[in-house]
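# Chain and residue survey
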Amino acid sequence: MQSRNSRLNSSALRGAVDLAAVKAAGEAAQKAEQTRAERARQAATGDGPAPAEYPLVLDVTEETFEEEVVQRSTEVPVVVDFWAEWCGPCKQLSPILERLAEEYAGRIVLAKIDVDANQLIAQQFGIQGIPAVMAVVAGQLVPLFQGAENEANVRKILDQLIQVAEQRFGIVGGLGHGAGDEDGEAAPRVPADPALEAAHEALDRGDLGGAVRAYQNVLSDRPGHVEAKLGLAQAQLLQRVEQLDPQQVRAEAAADPKDVPAQLRAADLDLVGGHVEDAFGRLVSTVAKTFGEDRDAARLRLLELFEVIGPEDPRTVAARQALARVLF
């Protein structure tokens, strides 16, 4: 699925801002599945409280963000719409998002954030232009797209978000049923790819070596598989930093900016810690200062990290431009 400014498929959900969250994904999925099972038990026995109802579209502020977005994301995917009154494209996109949130009847919640009134949240999300749409699933932040989109593209993006939220985290929402299902039956679940799910499960439980092998197995049969390529890049990244001493790595990198292996290790730590721009900037700077094999090593590592974050993420686009300037 292509869109003008960005692309979301299930792989995008593994390009979260803080990649350290990948290690906690298994725990998040387990908690979500336990909550789902408990709801089912209560519905069957009638011995529990009625499911809490919540609005499908709501305005969120800095004061309510934790409760309305982060906490609610353990129950239902929360789509976050960053907008402002003066933004013309926002006035085109917001009604589409609101209409689809109502149509999806509880499979997503739409949280609207006015960037003028909530500048701190916008800064924390790294919002550089609006409209910008992100999602929070099980506490993990995921970029969806930036700029106005037509309804058909937005619908595809939301469908894929819902699918991955269920398959990876067991999060299905709790209000109503899918659009166009007048009998109240849930929409059919798209069958999972067993080989890919095995790789994801290995990554979720922290078996990085097993995850690397599993993703490589998928890619041996389907070399162009986007989600497997991204999963492999993340697993290899986490494997590289697993045994590193952060203080020692940063001290070595600071002591010698031309020590390429030290800069590579520091960039990996930057990215896993969620400091995406720092990681990219460090490697662009290293490319600019080095030649030959050292330059190639820094360039190739930067390209690997681009794969982890996603080729259409604004930070990747900016870093690619910076890399081109120092290379040419």
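That block above? That's the structure.
Quick look at the structure, then. Note that the structure is a prediction, hence the values are computed from the model and not measured.

### Examining the overall build of the chain
- Secondary structure assignment for the chain yields 13 helices and five strands.
- Buried residues in the chain amount to 48% of all 328 residues.
- Considering only intrachain contacts with a sequence separation of at least 6, the fraction spanning at least 24 residues in the chain is 72%.
- Total accessible area computed for the chain in this model is approximately 15,700 Å², and 51% of it derives from carbon and sulfur atoms.

### Things to note about the pattern of salt bridges
- The full count for this structure, using the stated rule, is 16 salt bridges.
- Its salt-bridge partner being arginine 240, residue aspartate 268 comes within 2.7 Å of it at the nearest N-O pair. Of this pair, aspartate 268 sits in helix H10 (residues 260-272) while arginine 240 sits in helix H8 (residues 226-241), and the two are 28 residues apart along the sequence.
- Measuring nitrogen to oxygen at the nearest pair gives 3.1 Å for the salt bridge that ties arginine 282 to aspartate 270. Of the two residues, arginine 282 is situated in helix H11 (residues 276-289) and aspartate 270 in helix H10; the sequence distance between them amounts to 12 residues.
- Where salt bridges share partners, they join Arg99, Glu103, Glu151 and Arg155 into one cluster.

### Quick look at the packing of H8 against H10
- Where H8 contacts H10, the axes come no closer than 10 Å and their chain directions differ by 115°. Considering the relative orientation of H8 and H10, their crossing is left-handed. Across from Leu237, Leu238, Arg240 and Val241 in H8, the residues of H10 making contact are Asp268, Leu269, Leu271 and Val272.
- Classifying every residue of the contact of H8 with H10 by side-chain character gives six nonpolar, no polar and two charged.

### Here we look at the packing of helix H7 (residues 208-221) against H8
- Between H7 and H8, the shortest axis-to-axis distance is 9 Å and the interhelical angle comes to 155°. The angle between H7 and H8 falls in the class roughly antiparallel. At the point where H7 passes H8, the crossing takes the left-handed sense. Together, Leu208, Gly209, Ala211, Val212, Tyr215, Gln216, Val218 and Leu219 of H7 and Ala228, Lys229, Gly231, Leu232, Ala235, Gln236, Leu238 and Gln239 of H8 make up the contact between the two elements.

The rules behind the values
- Residues numbered from 1 in each chain as written.
- Predicted model: local features only at pLDDT ≥ 70, side-chain atom pairs only at ≥ 80, totals over all residues.
- Heavy atoms only, no water.
- Helix = DSSP H or I, 4+ residues; strand = E, 2+ residues; numbered from the N terminus.
- Buried < 20%, exposed > 50% of the residue type's maximum accessible area, 1.4 Å probe, protein only.
- Contact = heavy atoms within 4.5 Å.
- Areas by Shrake-Rupley, 256 points an atom, 1.4 Å probe, with all protein chains shown as cover.
- Salt bridge = Lys/Arg side-chain N within 4 Å of Asp/Glu carboxyl O.
- Axes fitted to C-alpha atoms, helices over the stretch in contact; angles between N-to-C directions.
- Left-handed = near helix turned anticlockwise from the far one by under 90°.
- Nonpolar A, V, L, I, M, F, W, Y, C, P; charged D, E, K, R; others polar.
- Parallel < 35°, antiparallel > 145°, perpendicular 65-115°, else oblique.

Any functional reading would require information beyond the geometric quantities listed.
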